[in-house]
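Listed here are the chains, written in short residue letters.
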Amino acid sequence: MIKAGEPESGSAGVQNQQPSAIQNALFGMGNPLLDISAVVDKDFLDKFDEIVKKSKVEYHAGGSTQNSVKIAQWMIQEPHKVATFFGCIAAEAHVDAHYYEQSQEPTGTCAACITGDNRSLVANLAAANCYNKEKHLDVDSNWSLVEKARVYYIAGFFLTVSPESILKVAKHASDNNKIFGLNLSAPFISQFFKEPLMKVMPYVDIIFGNETEAATFAKEQGFETEDIAEIARRVQSLPKVNKNRQRIVVFTQGREDTVATVGDKVKMFPVLDIDQNDIVDTNGAGDAFVGGFLSELVQEKPLEECIHAGHYAANVIIRRVGCTFPEKPDFH
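Residues numbered from 1 in each chain as written. Predicted model: local features only at pLDDT ≥ 70, side-chain atom pairs only at ≥ 80, totals over all residues. Heavy atoms only, no water.

Under an unreviewed UniProt entry, the name given to the protein is Adenosine kinase, and the organism recorded is Cyprinus carpio carpio. Taken directly from UniProt, the Subunit (unreviewed entry) text for the protein runs: "Monomer." Per UniProt, the comment on the protein under Catalytic activity (unreviewed entry) is "adenosine + ATP = AMP + ADP + H(+)". (UniProt positions renumbered as here; feature names shortened; annotations may be inferred.)

With that settled, consider the packing of aromatic side chains. Applying the stated criterion across every chain, the model contains 9 aromatic pairs. Seen in terms of ring centroids, Phe289 and Phe293 are 6.2 Å apart; in terms of plane orientation they differ by 45°. Their pairing is tilted. Residue Phe289 and its partner Phe293 are both found in helix H10 (residues 285-297); the two are separated by 4 residues, about one turn of the helix. Relative to Phe331, the ring of Tyr312 has its centre 5.2 Å away and its plane inclined at 45°; by these criteria the two rings are tilted. Taken together, the residues Tyr312 in helix H11 (residues 303-317) and Phe331 in the segment after H11 connect sequence positions 19 residues apart. Residue class for Tyr312 comes out buried when judged on its relative accessible area of 13%. Among the aromatic residues, ring-to-ring pairing joins Tyr153, Phe208, Phe289 and Phe293 into one connected group. If you follow Lys168 out to its NZ or CZ, it ends over the ring of Trp143, 4.3 Å from the centre. Sitting over the ring of Phe223, Arg234 keeps its end group 4.6 Å from the ring centre. (Phe/Tyr/Trp six-rings, centres within 6.5 Å; stacked < 30°, edge-to-face > 60°. Helix = DSSP H or I, 4+ residues; strand = E, 2+ residues; numbered from the N terminus. Buried < 20%, exposed > 50% of the residue type's maximum accessible area, 1.4 Å probe, protein only. Lys NZ or Arg CZ within 6 Å of the ring centre and 35° of its normal.)

The following block contains the structure:
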């Protein structure tokens with residue numbers, strides 16, 4: 001078995017730590033958004049502003065990274081506050097949330113308009129766009145929480161807001177042989193935020209994405225292949241600063257097998273079976289997968305167990321509206 005974040009021949013990744021969940025061990029930073037979910041018809045997508053007035057609407061504290069760390073904490077259960085989250089809004093779920101608060105902009109929103117199996121996301125970052133590195137991340141009391149962590153995860157969406165914050169955290173992880181994870185998040189990140197993405201890439205120990213994001217990244221990087229396994233190999237071999245950890249690439253493919261690099265090989269991991277009629281909302285499935293993965297990673301479990309936990313969490317979330325979950329996981 002290999003531990004996530006290590007080469008097959010490597011030794012234990014995080015020194016002098018027992019493989020158990022400890023407070024503030026998992027650090028996430030991103031755009032905290034208010035998720036608004038509504039089931040709509042196709043015509044409605046053209047008249048988006050009516051969403052709150054006309055539809056059955058549910059509100060949830062969201063944003064990609066925040067969703068993932070909330071799910072990781074839910075999977076771990078005890079102790080509380082294993083996960084730390086930084087972002088900007090105008091403590092819930094037992095996550096140790098430290099928001100940068102400002103008064104210029106309202107809290108950002110993300111509306112998920114659900115039509116059958118499909119979803120359309122409309123995001124207004126608002127306050128999330130106002131995250132200020134100097135006024136928050138660099139403050140000693142906040143940076144000390146970064147230093148306490150041993151696993152870091154940031155969704156690529158945050159590259160649009162504060163790439164310098166991501167770089168600071170990524171370099172800290174690399175310099176201290178900790179694990180830094182990044183998500184490709186959406187095709188437009190690889191297309192229009194290529195420069196900040198590739199500045200961070202040499203520090204990335206684990207890269208997540210789905211098959212569409214992987215294909216777009218490959219196209220933008222000139223890989224000239226659409227084979228997901230080959231793309232994973234190529235992404236793994238991109239330049240890397242910390243040579244103590246071989247990069248791990250994890251690409252989900254919806255109901256198809258998850259593709260992951262294991263040492264020098266690329267392996268397929270089948271997802272959990274689910275009756276299509278039980279799928280309520282796939283919005284948040286990717287965030288849930290990462291959350292499940294991180295819950296085991298922070299406890300230094302092998303890569304196979306991290307992926308299994310990711311599949312479990314995604315399987316739970318797609319049975320419910322929004323990125324919500326029952327009180328306790330039933331994960332073995």
